[in-house]
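Here's the letter readout for the chains.
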Amino acid sequence: MKRARVVVVGAGVVGLSTAVCIAETLPLCSVTVVAEKFSPDTTSDGAAGILISEFFPDIPLARQRQWFKDSFDHLFAIVQSESSPEAGVMLSSGCQIFPEVPADTKPYWSDFVIGFRLMTDRELKRFPNHKFGQAFTTIKCECSSYLLWLEKRFRKAGGLVQQRKVNSLEELSISYDIIVNCSGLGSKSLVGDAEVYPVRGQVLKMEAPWLHHFVRVADGKTYIYPGIRSVTVGGTRQDGDWRLQLDEGDTESVLQRCTRLEPSLSQAKVLCEWVGLRPGRRSPRVERELVQLRGCRVPMVHNYGHGGSGITLSWGTALEAVGLVRQCLHEMPLKSNL
Ligand SMILES: Cc1cc2nc3c(=O)[nH]c(=O)nc-3n(C[C@H](O)[C@H](O)[C@H](O)COP(=O)(O)OP(=O)(O)OC[C@H]3O[C@@H](n4cnc5c(N)ncnc54)[C@H](O)[C@@H]3O)c2cc1C
């Protein structure tokens, strides 16, 4: 029986999640991941990996809730399994604090994280410049472990992996029936999407094993996230900034802001610093289209543009992408063979 040949471009958290979902749920497809960079060199690798999502105004709330819930449920099942240490997925408790009371005091994802509640005045006294706070337990997914774990799971499901840069979609249409685009920021050139832009983030990994609870300022620019081997201390959100080199001014600013929140950080050792470019877009693009390549209409599924929420939404958007691949299969001429 002829199998549909599916190629997934991208080996960040979105690409590998999508590849695993396709390989495990559509056994009549052969799936290959093609990517220029694999772990430890993707954007996903350095992300703090905390499950909290921004709100995308153009995406219906029900769809965003589904993405968050599916991702949370999937990762929570890993937390509760013996795979948790290898996959680098753990529960993380802490708070999100606001300098002023926000208009929306209860984000949509508060229904899915554990024990969401508003902070008391007594708790807020620890953060004198902040008037409002939310306490909850969420998940921290450390991609330096999780990506390797996903790749292993993908290979076990029969998936193939190739390291190379894709310069044009035409080169893929020779060998594959369906193209799944999970190239993140790379989509700017690969599919010519002018809406995609970098959101530069600089973080420090610090040794502070006495810290166990995260603190995040609500604008997402200042945070302290204790993890398995280090504490991720950040950060920056610089729209349109393509610089991958470290900026000393950013390092100083991060340390100053975070030490103000957690004075004991002044005693912590800096283990390393890292810069990554989030794949910014007004909304993630999860949709399918038919593209004209070398005179043929080739089905293509997009799954990219998750901005600062790529780890958080990766499994949910991967499941939606699988549904789109299934629709492509039903409409393909070789469907009689599947
Ligand atoms: C400092 C920082 C902190 C963050 N913290 C969090 C957080 O706490 N929680 C959260 O949810 N998110 C967080 N994020 C965001 C998260 O990292 C991204 O949303 C996520 O990594 C995007 O994943 P991706 O797979 O789409 O992209 P990437 O990880 O960038 O992967 C893209 C893949 O596509 C490949 N590719 C691109 N173009 C081509 C091409 N032409 N040919 C072949 N391969 C190609 C690349 O090589 C790579 O394999 C953070 C980001 C940063 C920078």
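Residues numbered from 1 in each chain as written. Predicted model: local features only at pLDDT ≥ 70, side-chain atom pairs only at ≥ 80, totals over all residues.

By the naming in an unreviewed UniProt entry, the protein chain is D-aspartate oxidase, taken from Betta splendens. In the Cofactor (unreviewed entry) part of its UniProt record, the protein chain is described as follows: "FAD". The UniProt entry for the protein chain carries the following comment under Function (unreviewed entry): "Selectively catalyzes the oxidative deamination of acidic amino acids. Suppresses the level of D-aspartate in the brain, an amino acid that can act as an agonist for glutamate receptors. Protects the organism from the toxicity of D-amino acids. May also function in the intestine." (UniProt positions renumbered as here; feature names shortened; annotations may be inferred.)

## Regarding the overall build of the protein chain
Secondary structure assignment for the protein chain yields 10 helices and 15 strands. The C-alpha atoms of the protein chain give a radius of gyration of 20 Å, which matches the 20 Å a tight globule of 338 residues would have. The principal-axis extents of the C-alpha atoms in the protein chain amount to approximately 65 × 40 × 40 Å. Out of the 338 residues belonging to the protein chain, those deemed buried represent 46%. Sequence separation of 24 or more characterises 78% of the internal contacts of the protein chain that already satisfy a separation of 6 or more. (Helix = DSSP H or I, 4+ residues; strand = E, 2+ residues; numbered from the N terminus. Rg over C-alpha atoms; globule rule 2.2 N^0.38 Å. Buried ≥ 20, exposed ≤ 12 C-beta atoms within 10 Å, placed from the backbone. Contact = placed C-beta atoms within 7 Å.)

## What about the environment of Gln245?
Positionally, Gln245 belongs in the loop between strand 12 (238–239) and helix 9 (248–261). Among the residues examined, Gln245 registers 6 C-beta atoms within 10 Å and is labelled exposed. For the pair formed by Gln245 and Gly276, sequence separation is 31 residues and the distance between their alpha carbons is 9.3 Å.

## A short note on the site of the ligand
Every one of the 41 residues lining the ligand counts as a neighbour, but Gly12, Gly184, Gly186, Gly201 and Gly310 are closest to it. Taken together, the elements giving at least two residues each to the shell around the ligand come down to helix 1 (13–25), strand 2 (29–35), helix 2 (43–46), strand 8 (197–207), strand 13 (269–280) and helix 10 (310–331). Residue composition of the shell around the ligand, grouped by class: 17 nonpolar, 20 polar and four charged. (Near = placed C-beta within 6 Å. Nonpolar A, V, L, I, M, F, W, Y, C, P; charged D, E, K, R; others polar.)

## A word on the nonpolar core
In this structure, Val6, Val9, Ile179, Val180 and Val325 are the most contacted members of the largest nonpolar core, which totals 82 residues. Among the elements that take part in this core, helix 10 stands out by supplying nine residues, more than any other. (Core = buried A, V, L, I, M, F, W, Y, C linked by C-beta atoms within 7 Å.)

## What to know about helix 6 (residues 143–156)
Between its terminal C-alpha atoms helix 6 stretches 19 Å, which fits the 20 Å expected from 14 residues at 1.5 Å a residue. Within helix 6, burial applies to Cys143, Ser145, Tyr146, Leu147, Trp149, Leu150 and Phe154. Gly158 sits one or two positions beyond helix 6 and adopts a positive phi of about 95°. (Expected span 1.5 Å × (residues − 1).)

## Quick look at the sheet that holds strand 15 (residues 296–304)
Strand order in this open sheet of six strands is 6-2-1-7-15-14, and the pairing throughout is mixed. Here the strands that pair on one side only, and so sit at the sheet edges, are strand 6 (160–163) and strand 14 (285–293). If you compare each strand with its neighbour and ignore which way they point, the axes differ by 25° on average. Here strand 2 runs beside strand 6; their pairing, made up of four bridges, is parallel. Residue pairing in the sheet places Val33 in a bridge with Val161 of strand 6. (Pairing = 2+ DSSP bridges. Axes fitted to C-alpha atoms, helices over the stretch in contact; angles between N-to-C directions.)

## Observations concerning the UniProt feature "binding site: FAD" (unreviewed entry) in the protein chain
Residues annotated in UniProt with the feature "binding site: FAD" (unreviewed entry) correspond here to Thr43, Ser44, Val166, Gly307, Gly308, Ser309, Gly310, Ile311 and Thr312. These annotated residues cover 270 residues of sequence, and their C-alpha atoms sit far apart, with the largest distance between any two at 26.4 Å. Structurally, the position occupied by Gly307 is in the loop between strand 15 and helix 10. Looking at the secondary structure, you find Gly310 in helix 10. Using a count of 26 C-beta atoms within 10 Å as the deciding quantity, one classes Gly310 as buried.

## A look at the pairing of strand 9 (residues 214–217)
Side chains Phe214 and Arg216 of strand 9 all project onto a buried face; the interleaved residues Val215 and Val217 project onto the opposite face, where all are buried too. As defined by bridge partners, strand 3 (residues 89–98) adjoins strand 9 across four bridges and the pair is classed as parallel. Looking at strand 9, one finds that Ile97 is bridged to Val217. Relative to strand 10 (residues 223–226), strand 9 is paired through two bridges, and the arrangement is antiparallel. By the bridge assignment for strand 10, Arg216 is matched with Tyr223. The hairpin formed by strand 9 and strand 10 contains five residues between the paired strands, and Gly220 there has a positive phi angle of roughly 75°.

## Points about the environment of Val8
Along the polypeptide, Val8 turns up in strand 1 (residues 4–9). Note on Val8: 35 C-beta atoms within 10 Å, which makes it buried. In sequence terms Val8 and Ile178 are 170 residues apart; their C-alpha atoms lie 8.7 Å from each other.

## Quick notes on the UniProt feature "domain: FAD dependent oxidoreductase" (unreviewed entry) in the protein chain
Mapped onto this numbering, the UniProt entry gives "domain: FAD dependent oxidoreductase" (unreviewed entry) at residues 5–320. For residues 5–320, the helix share is 29%, the strand share is 32%, and the end-to-end C-alpha distance is 19 Å.

## A look at the packing of helix 3 (residues 61–79) against helix 10
For the pair helix 3 and helix 10, the least separation of the axes is 7 Å and the interaxial angle reads 105°. In this view, helix 3 runs roughly perpendicular relative to helix 10, as classed from their interaxial angle. Between helix 3 and helix 10, the residues in contact are Gln66, Trp67, Phe68, Asp70, Ser71, His74 and Leu75 and Thr312, Leu313, Ser314, Trp315, Gly316, Thr317 and Leu319, respectively. The residue makeup of the contact of helix 3 with helix 10, split by class, is six nonpolar, seven polar and one charged. (Parallel < 35°, antiparallel > 145°, perpendicular 65-115°, else oblique.)

## Observations concerning unusual backbone geometry
The residue after Ser39, namely Pro40, is reached through a cis peptide bond having omega 10°. Its location among the elements puts Pro40 in the loop between strand 2 and helix 2. Note the cis peptide between Gly234 and Gly235, where omega equals 0°. Relative to the helices and strands, Gly235 is located in the loop between strand 11 (231–234) and strand 12.

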